[in-house]
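Report on the structure
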Amino acid sequence: MRTEYKIFGMVAVFIYASAGFYAWYSDHYMVSEATVDGPQKHMDWIGVVALILSGTLCMMCALYFWFVARRIDLRPEDREDAEIHEGAGEIGFFSPGSYWPFGLALCAALTGMGIVFWKPWLIGLGFVMILAATAGLLFEYYTGAQKAFEAGHPGEHPEHI
């Protein structure tokens, strides 16, 4: 985790520096439409705020990885003297196949369309569907066919049909 928090921290510092430079550059060199008084220079607040928020998001990730790195032992990826074989073995559990991420993406797209066209009923429906799809993704291995398989009824598991 030490590598991750260093990377996110460096990216956050770069984005903050870019926000400062962009604020200065847009204030001195960006010219708006000509008015009665002539062309006016102004700072682009939207770009500056977007860069600051992006840097803050990266800094939040860096802080999370820093807190986690303090609580766990060094991984082979974090040590200079680590050998390749030390990283071998089981990495974790990965779902062999699930339709819930696709459904979640469709629900998010539906909600986004509701926001774009400002249809409150569509936003509400999409939000409820996002919650349902998130619950389905979260509890996928605690209900239905997977639970029956773990209980010792392999005939009910979809892979055995």
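1. Here we look at the overall build of the chain
Looking only at helices and strands, one finds five helices and two strands in the chain. When the helices and strands of the chain are read in sequence order from the N terminus, they spell out α-β-β-α-α-α-α. Within the chain, buried positions represent 17% of all 161 residues. Look at the contacts in the chain between residues 6 or more apart in sequence, and 54% of them connect residues 24 or more apart.

2. Let's talk about helix α3 (residues 100–116)
For α3, spanning 17 residues, the distance from its first C-alpha to its last is 24 Å, which sits close to the expected 24 Å at 1.5 Å a residue. In this fold, the buried residues of α3 make contact with α4 (120–138). Backbone geometry just downstream of α3 places Trp-118 in the positive-phi region, at approximately 45°.

3. Some thoughts on the packing of α3 against α4
Two numbers describe how α3 lies on α4: the axes approach to 8 Å, and their chain directions differ by 165°. The angle between the axes of α3 and α4 places the two elements in the roughly antiparallel class. The two elements α3 and α4 meet at a crossing, and its hand is left-handed. Seen from α3, the contacting residues are Trp-100, Pro-101, Gly-103, Leu-104, Cys-107, Ala-108, Leu-110, Thr-111, Met-113, Gly-114 and Ile-115; seen from α4, they are Leu-122, Ile-123, Leu-125, Gly-126, Phe-127, Met-129, Ile-130, Ala-132, Ala-133, Thr-134, Gly-136 and Leu-137. Taken together, the residues of the contact of α3 with α4 sort by class into 17 nonpolar, six polar and no charged.

4. Some details on the side chain of Glu-140
Positionally, Glu-140 belongs in the loop between α4 and α5 (144–150). A polar contact is formed between the side chain of Glu-140 and the side chain of Ser-98, at a distance of 2.8 Å.

5. Section: a nonpolar patch on the surface
The grouping of Phe-21, Trp-24, Tyr-25 and Tyr-29 at the surface amounts to a nonpolar patch, some 480 Å² of accessible area in total. Within the secondary structure layout, Tyr-25 lies in helix α1 (residues 2–29). When its relative accessible area of 37% is taken as the criterion, Tyr-25 is described as partly exposed.

6. What about the pattern of salt bridges?
Per the stated rule, a full pass over the model turns up five salt bridges. Linked through salt bridges whose partners overlap, the residues forming this network are Glu-4, Arg-75, Glu-77 and Asp-78.

7. Focus: the packing of α1 against helix α2 (residues 45–71)
Between α1 and α2, the shortest axis-to-axis distance is 8 Å and the interhelical angle comes to 160°. Taken as axis vectors, α1 and α2 run roughly antiparallel relative to one another. As α1 packs across α2, the resulting crossing turns out to be left-handed. For the contact of α1 with α2, the residue count by class is 19 nonpolar, six polar and two charged.

8. Some points on the environment of Thr-3
As for its placement among the helices and strands, Thr-3 is situated in helix α1. Sequence separation of Thr-3 and Glu-77 is 74 residues, and the distance between their C-alpha atoms is 7.8 Å. Apart from residues lying up to four places away in sequence, Thr-3 is in contact with Glu-77 and Asp-78.

9. Considerations on the packing of aromatic side chains
Using the criterion set out here, one finds seven aromatic pairs in the structure. Residues Phe-21 and Trp-24 carry aromatic rings whose centres are separated by 5.8 Å and whose planes lie at 40° to one another, so their mutual orientation is tilted. Of the two residues, Phe-21 and Trp-24 are both situated in helix α1; the distance of three residues between them amounts to about one turn of the helix. Of the residues examined, Trp-24 reaches a relative accessible area of 41% and is grouped as partly exposed. Ring centres 5.7 Å apart and planes at 80° place the aromatic pair Trp-24 and Tyr-29 in the edge-to-face group. Among the aromatic residues, those joined into a cluster by ring pairs are Phe-21, Trp-24, Tyr-25 and Tyr-29.

Definitions and limits used
- Residues numbered from 1 in each chain as written.
- Predicted model: local features only at pLDDT ≥ 70, side-chain atom pairs only at ≥ 80, totals over all residues.
- Heavy atoms only, no water.
- Helix = DSSP H or I, 4+ residues; strand = E, 2+ residues; numbered from the N terminus.
- Buried < 20%, exposed > 50% of the residue type's maximum accessible area, 1.4 Å probe, protein only.
- Contact = heavy atoms within 4.5 Å.
- Expected span 1.5 Å × (residues − 1).
- Axes fitted to C-alpha atoms, helices over the stretch in contact; angles between N-to-C directions.
- Parallel < 35°, antiparallel > 145°, perpendicular 65-115°, else oblique.
- Left-handed = near helix turned anticlockwise from the far one by under 90°.
- Nonpolar A, V, L, I, M, F, W, Y, C, P; charged D, E, K, R; others polar.
- Polar contact = N/O pair within 3.5 Å; in protein donor to acceptor, adjacent residues only side chain to side chain.
- Patch = residues over 30% accessible without salt bridge, like charges linked within 9 Å, V, L, I, M, F, W, Y side chains within 5 Å.
- Areas by Shrake-Rupley, 256 points an atom, 1.4 Å probe, with all protein chains shown as cover.
- Salt bridge = Lys/Arg side-chain N within 4 Å of Asp/Glu carboxyl O.
- Phe/Tyr/Trp six-rings, centres within 6.5 Å; stacked < 30°, edge-to-face > 60°.

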